[in-house]
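Residue-level structural notes
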Amino acid sequence: DAGVTQSPTHLIKTRGQQVTLRCSPKSGHDTVSWYQQALGQGPQFIFQYYEEEERQRGNFPDRFSGHQFPNYSSELNVNALLLGDSALYLCASSSGLGDTEAFFGQGTRLTVV
Amino acid sequence: GNSVTQMEGPVTLSEEAFLTINCTYTATGYPSLFWYVQYPGEGLQLLLKATKADDKGSNKGFEATYRKETTSFHLEKGSVQVSDSAVYFCALSDPATNKLVFGAGTILRVKS
């Protein structure tokens with residue numbers, strides 16, 4: 001059983017560019033949440049998708065957007081990249097919206113130069 | 001709003017020493033509490049969890065008890081190993097949304 005998979009594992013972008021990160025949830029999971037983990041800090045919640053809709057959003061600007069597909073996979077898009085967007089981006093999947101265990105992928109390391 | 005505070009690191013111990021990492025939380029309602037571990041270059045792995053007051057979560061020799069009266073969820077292990085070296089995150093989950101709120105993390109280094 002494949003767990004949560006994220007792609008790519010690493011990438012480098014230039015300030016002002018746009019980036020798309022991808023996540024496939026664990027089999028049987030239908031909810032995907034995205035987190036940003038800056039170096040030396042704990043993960044910060046970006047948003048959560050369920051039934052192809054954004055259900056919850058953290059304190060992130062509109063430059064951060066997402067999408068969930070009918071197969072439950074998800075994308076995180078960041079426009080007009082800033083140096084401060086450099087971080088590890090983690091995807092977590094779970095079942096439904098209730099209090100269920102979240103499983104994390106290994107993350108995508110984004111470096112903005 | 002909900003928040004988690006955990007002790008600053010790094011915590012450096014010798015192999016077989018006793019480990020405590022303190023964690024306190026602020027939350028409305030009745031959150032679930034978690035400890036996650038992150039090994040170098042990897043994502044987060046759930047270590048243990050507790051869903052209600054006085055519950056004890058345990059896994060791989062680690063334990064933590066949900067203390068509502070002190071709003072705490074301290075992580076303990078009786079005898080650490082070099083392989084336990086990692087970053088440990090305390091977190092809470094809003095049961096209505098499943099959104100996780102994390103502490104800043106505590107680096108644990110175990111020397112042989």
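Reading the values: the criteria
Note that residues are indexed from 1 along each chain, following the sequence as it is written. Going through the entries in the order they are written, you letter the chains from A and number the ligands from 1. pLDDT decides what is reported in this predicted model: residues at 70 or higher carry local features, side-chain atom pairs at 80 or more are listed and counted, and totals for whole chains, interfaces and linings draw on all residues regardless. Water and hydrogen atoms play no part in the side-chain values, which are based on all heavy atoms of the structure. At least two bridges found by DSSP between two strands are what make those strands a pair. Secondary structure elements follow DSSP: runs of H or I no shorter than four residues count as helices, runs of E no shorter than two count as strands, and numbering proceeds from the N terminus. Angles here are taken between N-to-C directions and fall from 0 to 180 degrees, while the axes themselves are lines fitted to C-alpha atoms, restricted in helices to the stretch in contact. Only a pair of cysteine sulfur atoms within 2.5 Å qualifies as a disulfide here.

1. Focus: the sheet that holds strand E3 (residues 19–21) of chain B
All names here are of chain B. On the basis of which strands lie adjacent, the open sheet formed by 4 strands has the order E3-E9-E8-E7 and antiparallel pairing. The open sheet has two edge strands with one neighbour each: E3 and strand E7 (56–59). Shown here is a sheet whose adjacent strand axes are inclined to one another by a mean of 15 degrees, direction ignored. Bridging between strand E8 (residues 62–65) and strand E9 (residues 75–77) involves 3 bridges; their strand directions are antiparallel. Residue pairing across strands places Ala64 opposite Leu75, the latter belonging to E9.

2. With respect to the state of the cysteines
Residues and elements named next belong to chain A. This model, assessed by the stated rule, comprises 2 disulfides over all chains. Disulfide partner of Cys23: Cys91, at an S-S distance of 1.8 Å. The disulfide joining Cys23 to Cys91 has a torsion of about -60 degrees about its S-S bond and is therefore left-handed. Highlighted residues: Cys23 in strand E3 (residues 19–24) and Cys91 in strand E9 (residues 87–94), separated in sequence by 68 residues.

3. Focus: the sheet that holds strand E1 (residues 5–7) of chain A
In a beta sheet, neighbouring strands are held together by backbone hydrogen bonds and run either parallel or antiparallel to one another. Residue and element names in this part refer to chain A. Spatially, E1-E3-E8-E7 is the arrangement adopted by the 4 strands of the open sheet, whose pairing is antiparallel. Each edge of the open sheet is held by one strand with a lone partner, namely E1 and strand E7 (64–68). Averaged over all pairs of adjacent strands, the angle between their axes in this sheet comes to 20 degrees, without regard to strand direction. Across 5 bridges, the pairing between E3 and strand E8 (residues 74–78) is antiparallel. Residue pairing across strands places Leu21 opposite Leu76, the latter belonging to E8.

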